[in-house]
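Descriptive structure summary
Listed below, chain by chain, are the residues.
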Amino acid sequence: MTRDHREVTTIDPTFFAEAVDVVGANHVLRDADVVAGYTADWTGRFTGTSPAVIRPGSTEEAQALVGLCRRHGVALALQGGNTGLSGGTVPLAGEVVCSLRRLTSLELDTVSGQVSVGAGVVLSDLQAAAEAAGWAYGVDFASRGSATLGGSVATNAGGMRVLRYGDTRAQLLGLTAVLGTGHVVSHMGGLIKDNTGYFLPGILCGSEGTLGLVTAARLRLVPRAPERVVALLAFGEVAGAIEAASTLRRQLRTLSAAELFLQPGMDLVRAHTGQAAPFGGPHGAYLLVEASDDRDPTADLSLAVDSLPGVAAVAVAADPLRAAELWRYREGHTDAINHHGTPHKLDVSLPPAVLADFVGRVPGVVESVSSGAEVWLFGHAADGNVHVNVTGIAPDDDAVDDAVFKLAAAMGGSVSAEHGIGTAKRRWLHLNRTEDEVAAFGVLKAALDPDGVLNPSVLLGG
Ligand code: MLT
Ligand code: ZN
């Protein structure tokens with residue numbers, strides 16, 4: 001269990017009475033058992049405490065709540081689906097939790113191929129709505145059934161399709177947010193060309209709720225690619241799988257995912273899900289690739305795969321059920337690892353040229369710091385993004401985190417590819433950001449959240 005050491009100040013009871021005036025009594029939750037459901041992260045590694053959960057139902061209510069917080073000196077921990085993996089939604093310093101899940105408006109503009117969504121819209125609901133309207137949404141990740149768009153925008157979430165469509169920031173045309181100053185910035189017109197000064201969504205996206213409370217977003221949609229084929233490729237070495245991902249990116253226009261995992265992860269997932277082995281024996285590395293288009297891409301994928309060197313075994317699935325089974329070997333990692341033990345989730349990215357070397361070195365580095373810890377490696381091969389998950393160490397023992405982050409940074413990588421800094425990685429921000437950059441972060445924070453009411457435990461101050 002990790003806790004922040006800052007003192008938790010007592011909140012004046014009139015704060016809660018005024019909060020009831022703003023959002024209604026049903027949306028100021030103070031029952032300790034109910035509140036406890038909002039104070040731990042999804043992995044169970046980070047747990048905080050909170051006196052209440054407040055659930056605004058509109059931007060106006062969120063604005064009034066921020067004003068109230070400023071007057072009473074109360075800090076908020078912002079929360080959507082609580083699927084974040086860097087502890088960024090946890091009230092580590094006793095913050096009041098502000099849940100945005102009530103903001104579920106969804107308005108499709110099928111002509112422009114855009115959508116306006118409330119912060120509480122769940123990713124899979126947006127995906128389904130876009131598909132039903134003849135479009136698709138370009139971002140996808142395994143927690144799609146509970147992750148919300150507000151959190152996705154605040155953390156600039158990535159996922160499986162970044163190689164094709166980019167991250168959340170690449171979909172973002174505008175947003176509505178309540179700044180820590182109480183101002184509402186709203187730019188939801190969706191103009192493709194609009195060079196009228198600072199692009200505030202670009203600053204708020206990825207700021208992890210430290211500058212503004214995002215209540216809505218304007219997102220671009222992409223053309224549907226309903227014909228899908230999935231192939232699981234086995235390799236003797238990690239380097240072969242990574243090289244193949246790069247070749248396929250070049251040669252296969254319809255490539256929509258290239259995901260890496262290793263034999264220990266495959267075994268763990270199979271033990272958890274009961275799935276059969278895809279091939280007769282074990283292999284050094286697996287690459288799960290998907291091609292999608294409006295015409296069946298099977299022939300193109302097969303041709304590209306046939307010309308790859310070093311492929312030891314292949315399973316191809318165009319049938320949706322079999323394709324989903326192949327995907328489960330990869331997507332099942334997060335659940336299987338969490339079931340196995342509370343993980344340290346070290347989401348890093350490396351330059352492509354050193355990714356295989358990094359993957360090869362990590363187990364030795366972990367072993368040298370914490371003998372007996374278990375390492376699970378998987379990720380988004382084409383993005384240079386590997387998820388180093390470590391189990392078998394205490395939640396607050398961060399010696400392994402330190403060693404892995406320092407290795408990644410020394411090899412030219414980032415300590416956070418797509419999960420954000422949250423509370424988990426604050427003390428390693430300096431590995432990727434210069435003193436002047438962190439100072440600029442501080443200037444922005446002071447200007448947009450002068451009283452420190454928004455996510456004070458996140459990103460800065462580690
Ligand atoms: C994934 O790629 O599956 C997600 O980032 C979740 C995780 O890292 O466990
Ligand atoms: Zn990921």
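Because the structure is predicted, anything quoted here is derived from the model rather than measured. (Residues numbered from 1 in each chain as written. Chains lettered and ligands numbered in written order. Predicted model: local features only at pLDDT ≥ 70, side-chain atom pairs only at ≥ 80, totals over all residues. Heavy atoms only, no water.)

A few points about the site of ligand 1
Close to ligand 1 lie Leu85, Arg330, Thr334, Lys345, Phe378, His380, His387, Glu418 and His419, which account for all nearby residues. The contact in question runs from an oxygen atom of ligand 1 to an N or O atom on the side chain of histidine 387, over 3.0 Å. Glutamate 418 is positioned such that a nitrogen or oxygen atom in its side chain is 3.1 Å from an oxygen atom of ligand 1. Relative to its unbound accessible surface of 260 Å², ligand 1 loses 92% to contact with the protein. Of the residues contributing to the shell around ligand 1, the split by class is two nonpolar, four polar and three charged. (Near = heavy atom within 4 Å. Polar contact = N/O pair within 3.5 Å; in protein donor to acceptor, adjacent residues only side chain to side chain. Areas by Shrake-Rupley, 256 points an atom, 1.4 Å probe, with all protein chains shown as cover. Nonpolar A, V, L, I, M, F, W, Y, C, P; charged D, E, K, R; others polar.)

Some thoughts on the pairing of strand S6 (residues 114-118)
Burial of S6 is extensive: five of the five residues sit out of reach of the surface. Burial along S6 is two-sided: Gln114, Ser116 and Gly118 facing one way and Val115 and Val117 facing the other are all buried. Note: strand S5 (residues 106-109) against S6, four bridges, orientation antiparallel. In the strand pairing of S6, glutamate 107 is matched with serine 116. Hairpin connection of S5 to S6: four residues between the antiparallel strands, including glycine 113 at a positive phi of 70°. (Buried < 20%, exposed > 50% of the residue type's maximum accessible area, 1.4 Å probe, protein only. Helix = DSSP H or I, 4+ residues; strand = E, 2+ residues; numbered from the N terminus. Pairing = 2+ DSSP bridges.)

Here we look at the coordination of the zinc ion (ligand 2)
Tetrahedral metal sites with four donors have an ideal angle of 109.5 degrees; octahedral sites with six donors have ideal angles of 90 or 180 degrees. Around the zinc ion (ligand 2), the protein supplies His380 (NE2), His387 (NE2) and Glu418 (OE) as donor atoms, at distances of 1.9 to 2.2 Å. Within one chain, the residues donating to the zinc ion (ligand 2) are spaced in sequence as H-x6-H-x30-E. Pair noted here: histidine 387 is in strand S18 (residues 385-391) and glutamate 418 is in the loop between helix H15 (399-410) and helix H16 (435-448), with a separation of 31 residues, a long-range link. The two residues histidine 387 and glutamate 418 agree in class, both being buried. (Donors = N, O, S within 2.8 Å, 3.2 Å for Na, K, Ca; no water.)

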